[in-house]
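Listed below, chain by chain, are the residues.
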Amino acid sequence: MQEYIIHPDTHSKLVSSSADYLLFEDNSRLPIHKGIPILFGVDSIFNSEDIINSKKTTQDREHLDTSNIKNFIRRKLLPSLCEDFDIEKRYEVLSQLLPAESKVLIIGTGEKAVYYKNKFPHCEVITSDVHNEFKPDYIFDGHFIPFEDACFDLVLAAQVIEHTINPWQFCQELQRVTKIGGLLQIEAPQTFPYHAEPYDFFRFTFTGMRSLFSKCAVVKTEITEGNAAIVAVTISNYLINTSSIGLIRSTWLLITRILLGWFKYLDKLQPSLNRRTVSMPKGYAFTFKKDELQRKPVDLLNEFYQLEK
């Protein structure tokens, strides 16, 4: 994908690269650290020094380390309070929509680089993130995507938009780098506690999410985790945060996971998308198709009016 790389600020094309930096047509340079290009724009809230100094920002790999007994209990033994039951099927269907050798850009890959590459085995999958915790292909801020216009067949951003300080700009960039006729897979919460702080900025309703992608048609919308799941999450979060003492917090975590872990299965009783189920789900998965049609703001409400009551 190097032939498509541009400078995130000037949009100058890449001329050459060395072990230490990328050189652009305007003679500007951006660093390469441990083999990974760092392509932050000047206005980004992230910077290359933080990457080089291994500063923790939106993720910390230690929180996923199950050799730590606390993480092992929390991630492996206790039931979860919410679960995206259809994620595997959703990505299988999405993969089938892509021709061989399609170019796929993953924004906010996190620890799932191998997972995504396995889900789209017939595609060229480019992974990215704003940190180097899990060794993505590129490090950049999605507000300033360092690739040329219309060069990806699929852009996927799962649980990312809420962490963008300007989601309108971010979503414009996602649409810019997607080919006409290409797909965007966007997944984000409507209702969920503050997390990855301070890099957590927004929540999105059904119509709020749809309104961010005015250059696209909606292919499919799903609720990833429903209203019952978020009831369990909210009760658990409230009880855990009644105290700052670690032992008390851990006790409430244990109790609420055991007592409320079954709530998420109630969402299977209302699997369809309607005006009731969109009231307060944990989140959505939208599949968009870029068509560049001009839509008025009122047109972006059509999908809501098509929902059953």
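Bear in mind the structure is a predicted one, so any value in this text is a computation, not a measurement.

For the coordinates displayed, the defined rule picks out 19 aromatic pairs. Seen from their ring centres, tryptophan 262 and phenylalanine 263 are 4.6 Å apart, and the 65° between their planes marks the pair as edge-to-face. For tryptophan 262, a relative accessible area of 47% corresponds to the partly exposed category. On the basis of relative accessibility, which here comes to 17%, the residue phenylalanine 263 falls in the buried class. Grouping aromatic residues by their ring pairs yields a cluster made of Phe206, Phe213, Tyr284, Phe286 and Phe288. It is arginine 90 that lies over the ring of tyrosine 91; its NZ or CZ is 5.8 Å from the centre.

So, on to the packing of helix α7 (residues 227-240) against helix α8 (residues 246-260). At a closest axis distance of 9 Å, the pairing of α7 and α8 adopts a crossing angle of 160°. As judged from the angle between their axes, α7 and α8 are roughly antiparallel. In the crossing of α7 with α8, the sense of the turn from one axis to the other is right-handed. Judged by residue contacts, Ala232, Ile235, Ser236, Leu239 and Ile240 of α7 engage Arg249, Trp252, Leu253, Thr256 and Leu260 from α8. Taken together, the residues that form the contact of α7 with α8 break down as 7 nonpolar, 2 polar and 1 charged.

On to the nonpolar core. When a protein is soluble and globular, its nonpolar side chains tend to lie buried together. If you look at the biggest cluster of nonpolar residues, it comprises 39 residues, and the most contacted ones within it are Leu105, Ile107, Phe147, Phe152, Leu174, Ile186 and Phe213. Taken together, the elements giving at least two residues each to this core come down to β2 (21-24), β3 (29-33), β5 (103-107), β8 (152-158), α5 (167-177), β9 (178-189), α6 (206-211) and β11 (283-290). Top contributing element to this core by residue count: α5, with 4 residues. Beyond its immediate chain neighbours, meaning those up to four positions away, leucine 174 contacts Ile107, Ile145, Val155, Ala157, Leu184, Ile186 and Phe213.

Attention now goes to the pattern of salt bridges. Where charged atoms from two side chains of opposite charge approach closely, those side chains can pair. A complete count under the given rule lists 17 salt bridges for this structure. Note that arginine 90 is salt-bridged to glutamate 222, the shortest N-O span being 3.5 Å. With arginine 90 in helix α3 (residues 87-96) and glutamate 222 in strand β10 (residues 216-225), this pair connects stretches of sequence that are 132 residues apart. Note on glutamate 222: relative accessible area 14%, which makes it buried. Taken together, the shared-partner salt bridges in this structure form one network comprising Asp84, Arg90, Glu187 and Glu222.

The subject of this paragraph is a nonpolar patch on the surface. Together, Ile69, Phe72, Ile73 and Leu77 make up a nonpolar patch on the protein surface, roughly 370 Å² of accessible area in all. Note on placement: leucine 77 falls in helix α2 (residues 69-77).

Scoring rules and cut-offs
Residues numbered from 1 in each chain as written. Predicted model: local features only at pLDDT ≥ 70, side-chain atom pairs only at ≥ 80, totals over all residues. Heavy atoms only, no water. Phe/Tyr/Trp six-rings, centres within 6.5 Å; stacked < 30°, edge-to-face > 60°. Buried < 20%, exposed > 50% of the residue type's maximum accessible area, 1.4 Å probe, protein only. Lys NZ or Arg CZ within 6 Å of the ring centre and 35° of its normal. Axes fitted to C-alpha atoms, helices over the stretch in contact; angles between N-to-C directions. Helix = DSSP H or I, 4+ residues; strand = E, 2+ residues; numbered from the N terminus. Parallel < 35°, antiparallel > 145°, perpendicular 65-115°, else oblique. Left-handed = near helix turned anticlockwise from the far one by under 90°. Contact = heavy atoms within 4.5 Å. Nonpolar A, V, L, I, M, F, W, Y, C, P; charged D, E, K, R; others polar. Core = buried A, V, L, I, M, F, W, Y, C linked by side-chain atoms within 4.5 Å. Salt bridge = Lys/Arg side-chain N within 4 Å of Asp/Glu carboxyl O. Patch = residues over 30% accessible without salt bridge, like charges linked within 9 Å, V, L, I, M, F, W, Y side chains within 5 Å. Areas by Shrake-Rupley, 256 points an atom, 1.4 Å probe, with all protein chains shown as cover.

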